[in-house]
Amino acid sequence: MRLTRAGEYAIRCVLYLAMHQDRAIISRKEIAEAMDIPAQFLSKVAQNLARAGIIAIRQGAQGGYEMVKAPEAVSLLSVVEAIDGEIFLNDCIHRPDTCARQTICSVHRVWETARRQLRETLAGTTLAALAREEEQACAKRPMRPSPIDAGG
């Protein structure tokens, strides 16, 4: 399984919103710049996140995006599946009728186990936990000197 670019951008968007949950609405431009997401792509991703009930899109001059659910209630799985659909590792899991060997295939059980474990891991990871980790990592990162401080 490979996460799509849209899935990656969705995670970045929701992570930014979770990290700034003290602010109700955050502009698309701010999120795009801070999380290195093309603004047009962010708009499309946000529509899917809004359809899934994870964020709300507010129109107008003061518009932007806001979390609908608390970051503690949003799993990484729900974000990924809002964009990419339900996770399946192989067609035989997703569409059993496409594989005549399903009942005797020794690999089928492995695919099913791996799928279940991946889904459990993503479901057990909340945006609140990821936001805390991100904030701690940013706090530990040394600040680069500004050009003025560096004599330039």
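Conventions we followed
- Residues numbered from 1 in each chain as written.
- Predicted model: local features only at pLDDT ≥ 70, side-chain atom pairs only at ≥ 80, totals over all residues.
- Heavy atoms only, no water.
- Helix = DSSP H or I, 4+ residues; strand = E, 2+ residues; numbered from the N terminus.
- Buried < 20%, exposed > 50% of the residue type's maximum accessible area, 1.4 Å probe, protein only.
- Contact = heavy atoms within 4.5 Å.
- Areas by Shrake-Rupley, 256 points an atom, 1.4 Å probe, with all protein chains shown as cover.
- Patch = residues over 30% accessible without salt bridge, like charges linked within 9 Å, V, L, I, M, F, W, Y side chains within 5 Å.
- Salt bridge = Lys/Arg side-chain N within 4 Å of Asp/Glu carboxyl O.
- Axes fitted to C-alpha atoms, helices over the stretch in contact; angles between N-to-C directions.
- Parallel < 35°, antiparallel > 145°, perpendicular 65-115°, else oblique.
- Core = buried A, V, L, I, M, F, W, Y, C linked by side-chain atoms within 4.5 Å.

## Quick word on the overall build of the protein
Inference 1: For the protein, the count of helices and strands is seven helices and two strands.
Inference 2: Start at the N end of the protein and walk to the C end: the helices and strands fall as α-α-α-β-β-α-α-α-α.
Inference 3: A burial count over the protein gives 32% of its 152 residues as buried.
Inference 4: If you take every contact in the protein between residues at least 6 apart in sequence, the share linking residues at least 24 apart comes to 62%.
Inference 5: Roughly 9,700 Å² of accessible area belongs to the protein as shown, and the carbon and sulfur atoms make up 51% of that amount.

## As for a nonpolar patch on the surface
Inference 1: A cluster of nonpolar side chains, Val-107, Val-110 and Trp-111, forms an exposed patch at the surface whose accessible area comes to about 230 Å².
Inference 2: As for its placement among the helices and strands, Trp-111 is situated in helix α6 (residues 106–123).

## A closer look at unusual backbone geometry
Inference 1: A positive phi angle, close to 55°, is found at Asp-36, a residue other than glycine.
Inference 2: Looking at the secondary structure, you find Asp-36 in the loop between α2 (28–35) and α3 (39–51).

## Details of the packing of helix α1 (residues 5–19) against α2
Inference 1: One can describe the packing of α1 onto α2 by two numbers: an axis separation of 10 Å at closest approach and a directional angle of 110°. Taken together, the axes of α1 and α2 are roughly perpendicular relative to one another. Counted together, Arg-12, Cys-13, Leu-15, Tyr-16 and Leu-17 of α1 and Glu-30, Ile-31, Ala-34 and Met-35 of α2 form the full contact between these two elements.

## Thoughts on the nonpolar core
Inference 1: In terms of nonpolar packing, the biggest core is built from 35 residues, with Ile-31, Leu-49, Ile-55 and Val-79 touching the most fellow members.
Inference 2: At 11 residues, the largest contribution of residues to this core is made by α1.
Inference 3: Among residues more than four places away in sequence, those in contact with Ile-55 are Val-14, Leu-17, Ala-46, Leu-49, Ala-50, Tyr-65, Glu-66, Met-67 and Val-68.

## Looking at the pattern of salt bridges
Inference 1: Counting across every chain of the model gives seven salt bridges.
Inference 2: With its nearest N and O atoms 2.5 Å apart, the salt bridge here joins Glu-66 to Arg-58.
Inference 3: The class of Glu-66 is buried, set by a relative accessible area of 15%.
Inference 4: Residues Arg-119 and Glu-81 are paired through a salt bridge, measuring 2.1 Å at the closest nitrogen-oxygen approach. On the criterion of sequence distance, the pair formed by Arg-119 in helix α6 and Glu-81 in helix α4 (residues 76–84) is long-range, its members being 38 residues apart.
Inference 5: One connected set of salt bridges, linked through shared partners, spans Glu-86, Glu-112 and Arg-115.

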